[in-house]
Every structure is written in structure tokens, then in C-alpha cells.
Amino acid sequence: MADIEDLAGPGTGPLHPSDAAALASLHRRCMGAEDGWTEAGMQRLLAAEAARILCFWGVPDAPAGGHAGIEPLAFVLAFVAADEAEILGLCVAPDRRRQGLARKLLRQLAEDLAQQGTDWVYLEVRASNFAARELYRQAGFVETGRRKGYYQGAEDAVVMGKQLSGA
Ligand SMILES: CC(C)(COP(=O)(O)OP(=O)(O)OC[C@H]1O[C@@H](n2cnc3c(N)ncnc32)[C@H](O)[C@@H]1OP(=O)(O)O)[C@@H](O)C(=O)NCCC(=O)NCCS
């Protein structure tokens, strides 16, 4: 497994449209078929002027003797509107979790958004997603509301927000 120091990023460099397939594939792996994005959906998101994406790239584990290319290992994608932003996606490849990648992505995103004049950042998370809720709580997000039965299967969405002034 490559060391974290070997990873490129997070970077805001322009993503090529062909990156959409790999990013969507990582998102589906992390979120499951029900919540995961298609390649076409990912392409639309990346093309939007409001989109901000930060991504860690690296070489995934390959079978002994195999050749592997650079792939996204973790990314966060947010949309900015006026002085608010919404995190639409955050995912880390299963074999790269608990290494601080999501925390680093959130910290960098908050710094970038604050510098660009964004005041608040929000997100919705499944009530049952303990790992993500704990991650956001540790990153300074607080619960600002609930959307009853928001997800298919009638699971609630927890709305969390963080004020960025001073980030
Ligand atoms: C949630 C997710 C993004 C966390 O990514 P990660 O890189 O493993 O998180 P980090 O290593 O940066 O963890 C930072 C902190 O978050 C909390 N955390 C992360 N994963 C956790 C888990 N499984 N259980 C409890 N707390 C967790 C911990 O406080 C952790 O700090 P610590 O490791 O020092 O205890 C990752 O598990 C994931 O991709 N899950 C599937 C997709 C998803 O649910 N995305 C969020 C949608 S809103």
C-alpha cells in the first residue's frame, strides 16, 4: 500500500472529463448503488460552475506483478451558491479509511471556501451513518435540522452546518 505521503493532493487542479468515470466509480463503491452517482451524473456535477472538488490521487493496491494507474482515493465535492456551500459528496476508498484523508479534505475545503467568501457550509447525512456524523462533528459541524423520511426507505437525513468565518 502506498504511504499517505505518496499521494498527490488534495489539489484543485482542473479535472479532465474522463476523470468522471473513476470518481463516479469510487462514489458508488462508497455509497452503494442506491446513493452512488453515475458517470453521466458525475460529469454534470464536474461541469457546473458552482462545483468545488478536492481529490487525493494515488496508486491503488495492485496484485503482485500487476500494473496500476493513478486513481482517485478520496474526494469531496461541494456546490457554492452566494455565501453558502453544500457538500454533495465525500468518500474515501474503503482500504484508505481511518488515515485522516476525509479530515484533511474537509479542512482544506473549509479554508478554500472561507477565502472565497463563503460563510456557511451545509450537508445532509443519513441518520444511520455514524462514521460520517462523527467525522463532521469532529470537524466542527453541528446538527442544524432533520429531514424526516428524506431517503428511500424513509430514513431521516440529518442536516449539519458549520460557520466558516475564522476557518
Ligand atoms: C465517512 C468517511 C468519509 C470517513 O473517511 P476517513 O478518511 O476514514 O475519515 P478520517 O480518517 O479522516 O477520520 C476522521 C475522524 O472521523 C471519525 N470517524 C471516521 N470514521 C469513523 C468510523 N468508522 N467510526 C467512528 N468514527 C469515525 C473519527 O473521529 C476520526 O478520527 P480518528 O480516526 O482520529 O478517531 C468514510 O468512512 C467513507 O467514505 N464512508 C462512506 C461514504 C460516506 O458515508 N460519506 C459521507 C456521506 S455524507
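Everything quoted here is computed from the prediction, not taken from an experiment.

## So, the overall build of the protein
Here is step 1: When helices and strands are tallied, the protein shows 4 helices and 7 strands.
Here is step 2: Ordered by position in the sequence, the α and β elements of the protein form the string β-α-α-β-β-β-α-β-α-β-β.
Here is step 3: When each of the 167 residues of the protein is scored for burial, the buried share is 28%.
Here is step 4: Long-range pairs, those at least 24 residues apart, make up 57% of the contacts in the protein between residues at least 6 apart in sequence.

## With respect to the site of the ligand
Here is step 1: In the vicinity of the ligand there are 20 residues, among which Arg97, Ala102, Arg103, Ala131 and Leu135 approach most closely.
Here is step 2: Breaking the shell around the ligand down by element, the ones donating at least two residues are α1 (19–35), β4 (84–92), α3 (101–115), β5 (120–126) and α4 (130–138).
Here is step 3: Here the shell around the ligand gets 5 residues from one element, more than from any other, and that element is α4.
Here is step 4: Looking at the shell around the ligand, its residues break down into 12 nonpolar, 4 polar and 4 charged.

## Some thoughts on the confidence of the model for the protein
Here is step 1: Of all residues in the protein, 86% attain a pLDDT of 70 or more, and the chain-wide mean is 87.
Here is step 2: The low-confidence segment residues 1–9 (pLDDT under 50) makes 15 contacts with residues lying over four places distant or belonging to another chain.

## Observations concerning the nonpolar core
Here is step 1: Counting 37 residues, the largest nonpolar core has Ala74, Phe75, Val76, Leu105 and Leu109 as its most contacted members.
Here is step 2: Going through the elements one at a time, α1, α2 (39–47), β2 (51–58), β3 (71–81), β4, α3, β5 and β7 (157–163) are the ones with two or more residues in this core.
Here is step 3: For this core, the element with the most residues is α3, which contributes 7 residues.
Here is step 4: The contacts of valine 76, once residues within four sequence positions are left out, are Leu54, Ile87, Gly89, Leu90, Leu105, Leu106 and Leu109.

Parameters at a glance
- Residues numbered from 1 in each chain as written.
- Predicted model: local features only at pLDDT ≥ 70, side-chain atom pairs only at ≥ 80, totals over all residues.
- Helix = DSSP H or I, 4+ residues; strand = E, 2+ residues; numbered from the N terminus.
- Buried ≥ 20, exposed ≤ 12 C-beta atoms within 10 Å, placed from the backbone.
- Contact = placed C-beta atoms within 7 Å.
- Near = placed C-beta within 6 Å.
- Nonpolar A, V, L, I, M, F, W, Y, C, P; charged D, E, K, R; others polar.
- pLDDT = per-residue confidence, 0-100.
- Core = buried A, V, L, I, M, F, W, Y, C linked by C-beta atoms within 7 Å.

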